[in-house]
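# Architecture and fold: a report
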Amino acid sequence: MPDRPDGRRSRRAPARPLHGRTAVVTGAARGIGEALAHSLSHAGMRVALLGRERTALERTAESLPGPSICVECDITDRTALTDAARRVAAGLGPADVVVANAGIAVSGPFDRTSGELWQRVIDVNLIGSANTARAFLPQLTATRGYFLQIASTAAFGAAPMMSAYCASKAGAESFALALRGEVEPDGVQVGIAYLHWTGTDMLTGIDDHPVLAALRRNQPRPARRVHSPAQVARWLTRGVTHRTPNIYAPPWLRWCQPLRPLFPALVARATRRELRDLPREESSPAEVLGAGGRADWNASRVSRPAARRDR
């Protein structure tokens, strides 16, 4: 380390603080998870990709510049996640960074959403995040690592027709805040990433839903912009590098935090007319958004009968 003008030796942050460390990304087969896996790998990390779609996971892993492994698993299955954690430690070393990114969404009226589908969103987005933390906390404690919970501006102001998604993201935020206080004495830091409109396949066709289209239309112009997964991944990687408590994508969202008490009323006002004019008999049943969400829902429906036969 070079001497400072006052004669003392200066400390410099490492030029590549993530280089040679191990990252785990759930929901890494597509969308933000895939883009983040690329960004972290380019930053020099060894990356473990977890998800439901084996072929897509393998395709992503093959395109990464650095070491990686794929683990196909259902994050709502604690046993599968425990096995995944063992495989990560054996293949890449203990996790320094774990990103709970996996998530699905359903759009449609609450009373036209089946109980099983509504619960699946909660199970993946909230319970799955907690399962991920539980499986990897021993490794993060050993490495004094960083757990990043992917949340959403859906936690700021719940949108009609997205009740399961909004409830799950608000719950995931609360879980991460509680976990932060518990694990800080062990040297583990917990971050929460608040994401806005991002151009994944989950967002495809969102403007075809009158209520959700009205919600976007009534937002200020900068807030309507859809950001690419690659851009969001760059913001997330910067936050991971600095072990940031709160990551905002886009960064201007940080100024919305003090205004959160106002958002439920603003959302209700923005969507009131569309909800009033939407004929109940013509409203569509709930639908799973995006190819990743449909893959998870289809796989879970196949596995449930088998699980019932095993009992």
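Thresholds applied
Residues numbered from 1 in each chain as written. Predicted model: local features only at pLDDT ≥ 70, side-chain atom pairs only at ≥ 80, totals over all residues. Heavy atoms only, no water. Helix = DSSP H or I, 4+ residues; strand = E, 2+ residues; numbered from the N terminus. Buried < 20%, exposed > 50% of the residue type's maximum accessible area, 1.4 Å probe, protein only. Contact = heavy atoms within 4.5 Å. Core = buried A, V, L, I, M, F, W, Y, C linked by side-chain atoms within 4.5 Å. Expected span 1.5 Å × (residues − 1). Polar contact = N/O pair within 3.5 Å; in protein donor to acceptor, adjacent residues only side chain to side chain. Pairing = 2+ DSSP bridges. Axes fitted to C-alpha atoms, helices over the stretch in contact; angles between N-to-C directions. Phe/Tyr/Trp six-rings, centres within 6.5 Å; stacked < 30°, edge-to-face > 60°.

Within the protein one finds 10 helices and 9 strands. In the protein, buried positions account for 49% of the 311 residues. Of all intrachain contacts in the protein linking residues separated by at least 6 positions in sequence, the fraction that spans at least 24 positions is 71%.

Attention now goes to the nonpolar core. Ranked by internal contacts, the top residues of the largest apolar core, which has 43 residues, are Val24, Leu50, Leu81, Val98, Phe136, Phe147 and Leu179. Mapped by element, the contributors of at least two residues to this core are β2 (46-51), α3 (78-92), β4 (97-100), α4 (115-143), β6 (146-152), α5 (163-183) and β7 (189-195). In terms of residues, this core owes the most to one element, α4, which gives 8 residues. When near neighbours in sequence (up to four residues on either side) are disregarded, leucine 179 contacts Ala133, Leu137, Phe147 and Val190.

What follows is about helix α1 (residues 31-42). Its 12 residues place the ends of α1 17 Å apart at the C-alpha level, agreeing with the 16 Å of an ideal helix rising 1.5 Å per residue. Among the residues of α1, Ile32, Gly33, Ala35, Leu36, Ala37, Ser39, Leu40 and Ser41 are the ones counted as buried. Against β1 (22-26), β2, β4, β7 and α8 (229-242) lie the buried residues of α1. In the stretch just after α1, glycine 44 is the one whose phi turns positive, near 100°.

Position of arginine 120 relative to the elements: it lies in helix α4. Within the local environment of arginine 120, its side chain forms a polar contact with the side chain of threonine 76, the two groups lying 3.3 Å apart.

Turning our eyes to something else, we now look at the sheet that holds β4. Ordered by their spatial adjacency, 7 strands build an open sheet running β3-β2-β1-β4-β6-β7-β8, and the pairing between neighbours is parallel. Edge strands, defined here as strands with exactly one partner in the open sheet, are β3 (68-72) and β8 (246-249). Looking at each pair of strands side by side, their axes are set apart by 15° on average, direction ignored. Where β1 meets β2, 5 bridges bridge the pair, whose relative direction is parallel. By the bridge assignment for β2, threonine 22 is matched with arginine 46. The strands touched by α3 are β1, β2 and β3; relative to β3, the strand with the most contacts, the crossing angle is about 165°. Lying over the sheet, α4 contacts β1, β2, β4 and β6, oriented at roughly 170° with respect to β6.

For the rest of this paragraph, the subject is the packing of aromatic side chains. Scanning the entire structure with this criterion turns up 3 aromatic pairs. Note on tyrosine 194 and tyrosine 248: the rings are 5.4 Å apart at their centroids and 15° apart in plane angle, and the pair reads as stacked. Taken as a pair, tyrosine 194 in strand β7 and tyrosine 248 in strand β8 lie far apart in primary sequence, 54 residues in all. Tyrosine 194 sits in the buried class, given a relative accessible area of 2%. Taking relative accessible area as the criterion, tyrosine 248 reaches 7% and is therefore assigned buried. Chaining the aromatic ring pairs together yields one cluster made of Phe156, Tyr194 and Tyr248.

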